[in-house]
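# Analysis of the macromolecular model
Each chain, written out:
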Amino acid sequence: MQRKLLSITPLLSLRTLTLTSTPPALLLFSRSKKHSPSPCDEPYDPPFSAVPKSKTRSPLGDKPPPLHSDLPFDFRYSYTETDACVKPIGFREPPRFSPFGPGRLDRKWNGVSAPTNVEVHRERDSEARNSVLGDPLTEEEIEQLVERYRHDDCSRQINLGRGGVTHNMLDDIHNHWKRAEAVRIKCLGVPTLDMDNVCFHLEDKTGGKVIYRKINILLLYCGRNYDPKKRPVIPLMLWKPLAPIYLRLVQNVAEGLTFEETKEMRNRGLNSPALLKLTRNGVYVNVVARVREAFKTSEVVRLDCTHVGTSDCKKIGVKLRELVPCVPILFKDGQIVIWRGKGIPGISSANS
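Here the structure is a predicted model, which means the values were calculated and not measured.

Secondary structure summary: the protein contains 10 helices and 10 strands in total. Relative to its 352 residues, the protein shows a buried fraction of 36%. Summarising the internal contacts of the protein: among those between residues at least 6 apart in sequence, 74% fall at separations of at least 24. When the accessible surface of the protein is summed, it comes to about 22,500 Å², and 55% of that surface belongs to carbon and sulfur atoms.

See the structure below:
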């Protein structure tokens, strides 16, 4: 009888093992879901538990405070290619979407700019800027800086393109001023039509001084008493905001003309030889002077902008309307036709 019992027990033990055995994957799954650490377990068990190393956690919704900047001007995407006096008639995106990010700036975005919250004191700001610039540079010091930074292989260079003097470019300039006294700025595209405007905004927004200007190359000097540790707070734009909607640049009937006269002017301009042929991202520093000279002998001028692009053509038309001045009457197939207008001093009198 004892032999029979002994012969049966291994079978029973084997049977119980086969019934209670589970695959290894299920064991791991059940351990990770249902395992509760015992007092003997270690406090940190990476393979099986998700207990963090530090038990202190920041509460939900805890965000850093918004940045504050004492710069005395409104933050815009571009300071040279937008006019604060011209109000848009609509927006392509809701004005509540600030390009600085939600809650990252203590200024409210109105769809075009972020107006300043500080009171502007022109005299005090001018004195602070002059104190940073210090004594004017001598001719020898200017020649040394120009010789060091004016060449094409200069490592301290910023390219200024169709966006003009943008907001994030101000931060790039201060980053270069950490290790260099001056920065080389190479200007291309539509902003080169008005280099005076580019120089003004560079000096006004950065506090530096343009010490060298040749065609489209600028050298911006930081100042004798510039301290990188005291640089202003410049919050960066995280994306480029969509351009607002403005009034049409070209009207169906030009001001001062009838519909038939406007149509005849357009046909005359399309059939006339092109005064200039502009290239994409070219240098347009002499375009305004050439158009003014052409208006002394011709009433309508055509510019060939086939390879420039539609958006840049409109920007060129806006700048020519303000700088020449003139009246754009047609944008078609990369061609800009402008009329000198009536009653323009210095132009109409030359033809009378």
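Our focus in this paragraph is a nonpolar patch on the surface. A cluster of nonpolar side chains, contributed by I89, I245 and L247, occupies part of the molecular surface with about 310 Å² of accessible area. Residue classification places L247 among the exposed residues on the basis of a relative accessible area of 66%.

An α-helix turns once per 3.6 residues; consequently, residues spaced three or four apart project the same way. For helix α8 (residues 287-294), the complete set of buried residues consists of V287, V288, V291 and A294. Buried residues of α8, seen end-on, are gathered within an arc of 130 degrees and therefore sit on one face of the element. Contacts made by the buried residues of α8 are with β7 (276-277), β8 (300-304), α9 (310-323) and β10 (335-339).

Bringing the packing of aromatic side chains into the picture now. According to the stated counting rule, one finds 5 aromatic pairs in the structure shown. Considering the side-chain rings of F73 and F75, the 5.8 Å spacing of their centres and the 65 degrees angle between planes classify their relative orientation as edge-to-face. With a centroid separation of 6.4 Å and 70 degrees between ring planes, the pair formed by F100 and W109 is classed as edge-to-face. An aromatic cluster is defined as three or more aromatic residues linked by ring pairs; in this entry it consists of F73, F75, Y79, F100 and W109. Between R107 and the ring centre of F75, over which it is positioned, the NZ or CZ distance is 3.8 Å.

Applying the stated criterion to the full structure yields 1 cavity of 30 Å³ or more. Considering the residues around the largest cavity, the lining is formed by F91, E93, P94, P95, W109, G111 and L242. Taken together, the residues that form the lining of the largest cavity break down as 5 nonpolar, 1 polar and 1 charged.

By the burial criterion, the buried members of helix α4 (residues 139-149) are L145, V146 and Y149. Buried positions in α4, seen along its axis, are confined to an arc of 100 degrees and lie on one side of it. Every exposed residue of α4 that faces more than 90 degrees away from the buried side is listed here: E139, E140, E143 and Q144. Where α4 is buried, its residues touch β4 (182-187), β5 (209-214) and β6 (217-221).

Moving on: the nonpolar core. Among the nonpolar cores identified, the biggest contains 29 residues, and F75, I173, I185, L202, L218 and L220 are the most heavily contacted of them. Those elements that provide at least two residues to this core are β3 (157-160), α5 (167-176), β4, α6 (195-206) and β6. Per element, the largest residue contribution to this core is 4 residues, and it comes from α6. Excluding residues within four positions of it along the chain, F75 makes contact with S69, F100, L105, R107, W109, S113, A114, H167 and P235.

What counts as what
Residues numbered from 1 in each chain as written. Predicted model: local features only at pLDDT ≥ 70, side-chain atom pairs only at ≥ 80, totals over all residues. Heavy atoms only, no water. Helix = DSSP H or I, 4+ residues; strand = E, 2+ residues; numbered from the N terminus. Buried < 20%, exposed > 50% of the residue type's maximum accessible area, 1.4 Å probe, protein only. Contact = heavy atoms within 4.5 Å. Areas by Shrake-Rupley, 256 points an atom, 1.4 Å probe, with all protein chains shown as cover. Patch = residues over 30% accessible without salt bridge, like charges linked within 9 Å, V, L, I, M, F, W, Y side chains within 5 Å. Salt bridge = Lys/Arg side-chain N within 4 Å of Asp/Glu carboxyl O. Arc of directions from axis to C-beta. Phe/Tyr/Trp six-rings, centres within 6.5 Å; stacked < 30°, edge-to-face > 60°. Lys NZ or Arg CZ within 6 Å of the ring centre and 35° of its normal. 1 Å grid on protein atoms, 1.4 Å probe; cavity = no way out; pocket = protein on both sides within 12 Å on 5 of 7 lines; lining within 4 Å. Points joined across faces, edges and corners; volume = space filled by probe spheres on them. Nonpolar A, V, L, I, M, F, W, Y, C, P; charged D, E, K, R; others polar. Core = buried A, V, L, I, M, F, W, Y, C linked by side-chain atoms within 4.5 Å.

Any functional reading would require information beyond the geometric quantities listed.
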